[in-house]
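Descriptive structure summary
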Amino acid sequence: MRLKLDRHAALSVTGWLAAGLLFFPIAWMLLTSVKTEIEAVATTPSLIFTPTLENYVAVQERADYLKFALNSVVVSFGSTLLALALAVPAAYGMAFFPTKRTRGTLLWMLSTKMMPPVGALVPVTLVFRDLGLIDTLAGLVVVYALINLPIVVWMLYTFFREIPREILEAGRMDGATPLDELRFLLLPLALPGMASTGLLAVILTWNEAFWSLNLTAAHAGPLTAFIASFSAPEGLFWAKLSAASTMAVAPILVFGWLSQRQLVRGLTFGAVK
Amino acid sequence: MRTTIAATLLAGIATFGTGIAAAETLTIATVNNADMVVMQKLSPKFKEKTGIDLNWVILEENVLRQRVTTDIATKGGQFDVVTIGAYETPIWGKQNWLAALDDLGDSYDYKDVFEPVRNMLTVNGKLYAAPFYAESSFTYYRKDLFDKAGLTMPEQPTYTDIKKFAAALHKPADNQYGICLRGKPGWGENMAYVGTLVNTFGGRWFDMEWKPQLTSPEWKEAVTFYVDMLKNYGPPGATSNGHNENRALFSSGNCAMWVDATAAAGHIYNPAESKVADKTAFAKAPIAKVENGAGWGWAWALGVPNSSKKAAAAKQFIAWATSKDYITLVGETQGWVSAPPGTRKSTYENPEYKKAAPFADTVLKAILAADPTRPTAQPVPYAGIQFVAIPEFQGIGAQVGQSIAAALSGQTTVDQALQTAQSAVERTMKQAGYIK
């Protein structure tokens, strides 16, 4: 009993330590965002200071936060929907009608994630230039849908494999077409899994900075471009940069908290068996 | 049902894809320096005057360079006006990536722009970017500490003076350091300062055959001096201090001296940003053996990429943002101490500017002395005082910067650092075909 309690306490302490470690950068960002620029770079960082909201005012004065935030919402949800629309049939096919090449196909999909994105920068820029997609939300939606597609397919594939084939077979006995099967049996059964896959894709897109910096200019920039615009080669900027970052992560942080249960379930589902 | 979904999706994509089409809209890519933030704030005045709409894209400096390069190379035409520096302008101008800016109109008064600054941005007699603000480097010092210690800073200090002062005023127990200098590796960070130090010790980056000179006695002497002084009389952890970190240290009252960009003077002098606004005085950049290249020359400038389809309107904007009238507008609306420094004679003749910026004369002298056409005592095949205006320098500067930071932190000796740097630069220059 004694031993059990000690183990429990040790686990708790480890858990809290890990959480503290992970949360520290965010807490530091929050603190920095309410300091003055000089306090923000002081060599012995001060923990006692008079908080100020002037950085938030300055950030909002220089850039239109709402425009960037709206772009982020459109791009992350748009690309996630597009990725799901493409991935559901793909995962369905591979989960329920596997061939000898299914494994290879899945691995090949994942292998596209192994190339550094900058390798594709020039070709993508050229294609986008010719299609008029540079600095458009549609362009970003397509790019992010493609980037997240392998992960989305893999996750959905795992979820679909969890569903007993007998249920689908029963449906087929009753004369359901493949599309009916997808709509009335598979989707409702796999909904929790799809939701968590979608959530993950939304968060990944929200935080992506390479493509959003390289493919946008004045119109389609999401919040990552907003943050990057607050660093300066000459002049102090840490406090304002922290304020901009706080404003950028706030929505997704709230979104993440609200959907925490789904997310954890989604990420551990399939792996436990 | 299927068709409806597809149609909605397509319609949605089409709406996103169209973007905003207006008669004349310029896209301006710039960095987040305080003077550029003011430019963006005042830009509605330009629209009032011309009816031209402006879109602003604010990027981090390296991202901006990469974006604009990609855009020009792929002829994307995303940007009409770009903020570039004295390093890229001659390189890009030579490659015909920028439109020449010789036709900004009579009222532009080119002669009013300082000649050394114009020279930095000129290739083969053509101006490729108009200076928005320009800077040299000079010595900031704490008048109160000097007075208290009975020291006097000469108008033109030598490095022997500087070392003596630094030793006398170094009191680390009180968080007061003799001198603050750039130590953070980077071609635009520690190498900007070290470059000027090597110049004034009589050294150069390359000889006339493009052979790297990093193991020459001049480099050795200069870098040994730098490492000694900063180790003994500098703040702890100097290898993480760049321009911004040192500016913060100096404005918080932690440095007795600081040799850095003249453009920071307005900020050090502003009580809202600095605790030492009324205690700071200025002297020329220190010299060691020769005067050439002791203070650097840099300009943030506006150029029109050749991929822009709205060059005429873009030039109109540049003529406005770098004009005398614009400087007056900033002076009158933001306070004269914030007027963009270093570009025009008329600014330095303006009594209101002189009154608001007591450092104006020292800055002026520094800028006029920073002649990019004779950066070193010995002849060199390149332009640029604290940089070498060739595309390879960004990589070279970064690499050498790392070696020198390693010597500063004590990981290697100065000799080892310079040997490593010399081999690396030799390799790069061979690969690039400058030397065999």
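Residues numbered from 1 in each chain as written. Chains lettered and ligands numbered in written order. Predicted model: local features only at pLDDT ≥ 70, side-chain atom pairs only at ≥ 80, totals over all residues.

For chain B, the name recorded in an unreviewed UniProt entry is Sugar ABC transporter substrate-binding protein, with Azospirillum griseum as its organism. The Subcellular location (unreviewed entry) comment attached to chain B in UniProt states, word for word, "Periplasm". (UniProt positions renumbered as here; feature names shortened; annotations may be inferred.)

Looking at an unreviewed UniProt entry, chain A carries the name Carbohydrate ABC transporter permease, with the source organism given as Azospirillum griseum. Comment text from UniProt for chain A, heading Sequence similarities (unreviewed entry), reads "Belongs to the binding-protein-dependent transport system permease family." Regarding chain A, the relevant UniProt record gives this comment under Subcellular location (unreviewed entry): "Cell membrane".

Here we come to the nonpolar core. Core analysis: the largest hydrophobic core is formed by 159 residues, its most contacted members being V81, I179, V223 and M257 of chain B. Two domains share this core, each providing at least three of its residues, namely domain 1 (16-128 + 297-360) and domain 2 (137-296 + 374-431) of chain B. Leaving out residues up to four positions away in the same chain, I179 of chain B has contacts with I162, A166, M229, Y233, G234, C255, A256 and M257 of chain B. Listed in part, the 42 residues of the second largest apolar core include L82, L84, V142 and L199 of chain A. (Core = buried A, V, L, I, M, F, W, Y, C linked by C-beta atoms within 7 Å. Buried ≥ 20, exposed ≤ 12 C-beta atoms within 10 Å, placed from the backbone. Domains from an automatic or database assignment. Contact = placed C-beta atoms within 7 Å.)

Turning our attention to the interface of chain B and chain A. Listed by partner, the interface residues are 36 residues for chain B and 30 residues for chain A. Elements represented by at least two residues in the side of chain B that touches chain A include exactly α1 (2-18), α2 (34-42), β2 (53-58), α4 (61-73) and α11 (243-251) of chain B. Counting residues per element, the side of chain B that touches chain A draws most heavily on α11 of chain B, which supplies 7 residues. Its residues assigned to classes, the side of chain B that touches chain A comprises 16 nonpolar, 15 polar and 5 charged. (Helix = DSSP H or I, 4+ residues; strand = E, 2+ residues; numbered from the N terminus. Nonpolar A, V, L, I, M, F, W, Y, C, P; charged D, E, K, R; others polar.)

To continue, consider the domain arrangement of chain B. All names here are of chain B. Under the domain assignment, chain B is made up of domain 1 (16-128 + 297-360) and domain 2 (137-296 + 374-431). A separation of 29 Å is found between the C-alpha centroids of domain 1 and domain 2. Contributing elements (two or more residues each) for the side of domain 1 that touches domain 2: α5 (88-94) and β9 (297-303). Residue composition of the side of domain 1 that touches domain 2, by class: 8 nonpolar, 3 polar and no charged.

Right, let's get into the UniProt feature "transmembrane region" (unreviewed entry) in chain A. Residues and elements named next belong to chain A. The feature "transmembrane region" (unreviewed entry), as given by UniProt, occupies residues 9-31, 73-94, 106-128, 140-160, 181-206 and 237-258 in the numbering adopted here. In residues 9-31, helix accounts for 100% and strand for 0%; the two terminal C-alpha atoms are 30 Å from one another. Between the end C-alpha atoms of residues 181-206 the distance is 33 Å, and the span holds 100% helix and 0% strand.

So, about the confidence of the model for chain B. Residue and element names in this part refer to chain B. Per-chain confidence: chain B averages 92 in pLDDT, with 95% of residues scoring 70 or above. A low-confidence stretch, residues 1-22 stays under pLDDT 50, and its non-local contacts, those more than four residues away or across chains, total 13 contacts. Interface confidence in the predicted complex, given as ipTM, is 0.82; pTM for the same model is 0.85. (pLDDT = per-residue confidence, 0-100.)

Another aspect to go through is unusual backbone geometry. We note that D135 of chain A has phi near 60 degrees; this positive angle belongs to a residue other than glycine. By the secondary structure assignment, D135 of chain A is in the loop between α6 (121-131) and α7 (137-162). Among the residues examined, D135 of chain A registers 21 C-beta atoms within 10 Å and is labelled buried. Phi is positive for N96 of chain B, close to 65 degrees, though the residue is something other than glycine. Position of N96 of chain B among the secondary structure elements: in the loop between α5 and α6 (115-120). Under the C-beta neighbour-count criterion, N96 of chain B is labelled exposed, with 12 such atoms within 10 Å.

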